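One letter stands for each residue in the lines below.
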Amino acid sequence: MRQRQQMVQLEQRRPEPPQRPVLQVVKASTVAAAPARVTIRRAQLTDVEQMYRLLDGYARQGLLLPRRIQDVYRNVREFVVAVDENDAVVGCGGLRVYTPVLAEVVALAVDERCHGKGVGRQIIDTLLADARSFDLVRVFAMTLQPVFFEKMGFATTNVALFPEKIAIDCSGCAKRATCQEITMVLDL
Ligand SMILES: CC(C)(COP(=O)(O)OP(=O)(O)OC[C@H]1O[C@@H](n2cnc3c(N)ncnc32)[C@H](O)[C@@H]1OP(=O)(O)O)[C@@H](O)C(=O)NCCC(=O)NCCS
């Protein structure tokens, strides 16, 4: 009897499980038209859920590699975001530094309702300005959108030139055998 009372007490003391924030997926086609003004700024922790939703939407379409929200938090200092008049995230992209001379453009994404309006270009320009300010020499990207990167001045190359990338990401990637991504490079 005493044992049962103790169990009931323990049960009552057990804390409520933490409530996960609801990650609502808003289809771009169901939301308002493209924003009139877009600003590029450094990503903040409060942007991460929106960045994650944007990236995850494209990952589900196979356009970006899947990543966890924890990874976005961990790497948030690499990112810039494009925000609309209400400071809502409509784009993001990161610059990942590998060596004193080499960095990669990662997780580049623009909300569908803003495509073709120069937001992707503004994000790349900001990341390249960052790269120059660090005196980096070379920036590469692995992408399924080579024409976009060509327009940003990148040229097609071979991933074998980037053993740093292969060691950190490619060697453990589940899609390695069937990877369709094209490696693009820009010398600054
Ligand atoms: C790729 C992406 C970031 C481009 O963003 P965007 O804001 O639409 O691009 P911009 O409007 O700045 O386009 C700049 C130029 O690239 C061209 N362009 C944009 N996307 C293109 C694409 N997918 N294929 C070919 N050209 C493209 C534009 O026509 C424009 O050309 P112009 O300067 O001659 O007019 C966006 O389409 C996206 O988020 N795609 C899904 C995620 C993805 O594939 N990310 C890349 C992973 S590395």
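Anything mentioned here points back to the structure above.
On a predicted model such as this, the values are computed, not experimentally measured, just so you know.

For the rest of this paragraph, the subject is the overall build of the chain. Tallying secondary structure elements over the chain gives 6 helices and 7 strands in all. Ordering the α and β elements of the chain from the N terminus gives α-β-α-α-β-β-β-α-β-α-β-α-β. Across the 188 residues of the chain, 27% fall into the buried class.

Another point: helix α2 (residues 48–60). Here α2 spans 18 Å end to end across 13 residues, near enough to the 18 Å set by a 1.5 Å rise per residue. Within α2 the residues assigned to the buried category are V48, Q50, M51, Y52, L54 and L55. Check the buried side of α2 and you find it contacts α3 (69–74), β2 (79–83), β3 (89–97) and β4 (102–110). Phi turns positive one or two residues past the end of α2, at G62, with a value near 80°.

Around the ligand sit 21 residues in total, of which H115, G120, R121, T143 and V147 are the nearest. Listing elements by their share of the shell around the ligand, those giving two or more residues are β4, α4 (119–133), β5 (138–143) and α5 (146–151). For the shell around the ligand, a count of residues per class yields 12 nonpolar, 6 polar and 3 charged.

Between the first and last C-alpha of α4 there are 21 Å, a value that for 15 residues agrees with the 21 Å anticipated at 1.5 Å per step. Those residues of α4 lying buried are V119, G120, I123, I124, L127 and A131. What you see down the axis of α4 is that its buried residues fit within an arc of 135°, all on one side. Projecting away from the buried face of α4 at angles above 90 degrees are the exposed residues R132 and S133. Where α4 is buried, its residues touch β1 (39–42), β2, β3, β4, β5 and α5. Phi turns positive one or two residues past the end of α4, at D135, with a value near 60°.

About the criteria used
Residues numbered from 1 in each chain as written. Predicted model: local features only at pLDDT ≥ 70, side-chain atom pairs only at ≥ 80, totals over all residues. Helix = DSSP H or I, 4+ residues; strand = E, 2+ residues; numbered from the N terminus. Buried ≥ 20, exposed ≤ 12 C-beta atoms within 10 Å, placed from the backbone. Expected span 1.5 Å × (residues − 1). Contact = placed C-beta atoms within 7 Å. Near = placed C-beta within 6 Å. Nonpolar A, V, L, I, M, F, W, Y, C, P; charged D, E, K, R; others polar. Arc of directions from axis to C-beta.

Worth remembering: the numbers are spatial, not functional.
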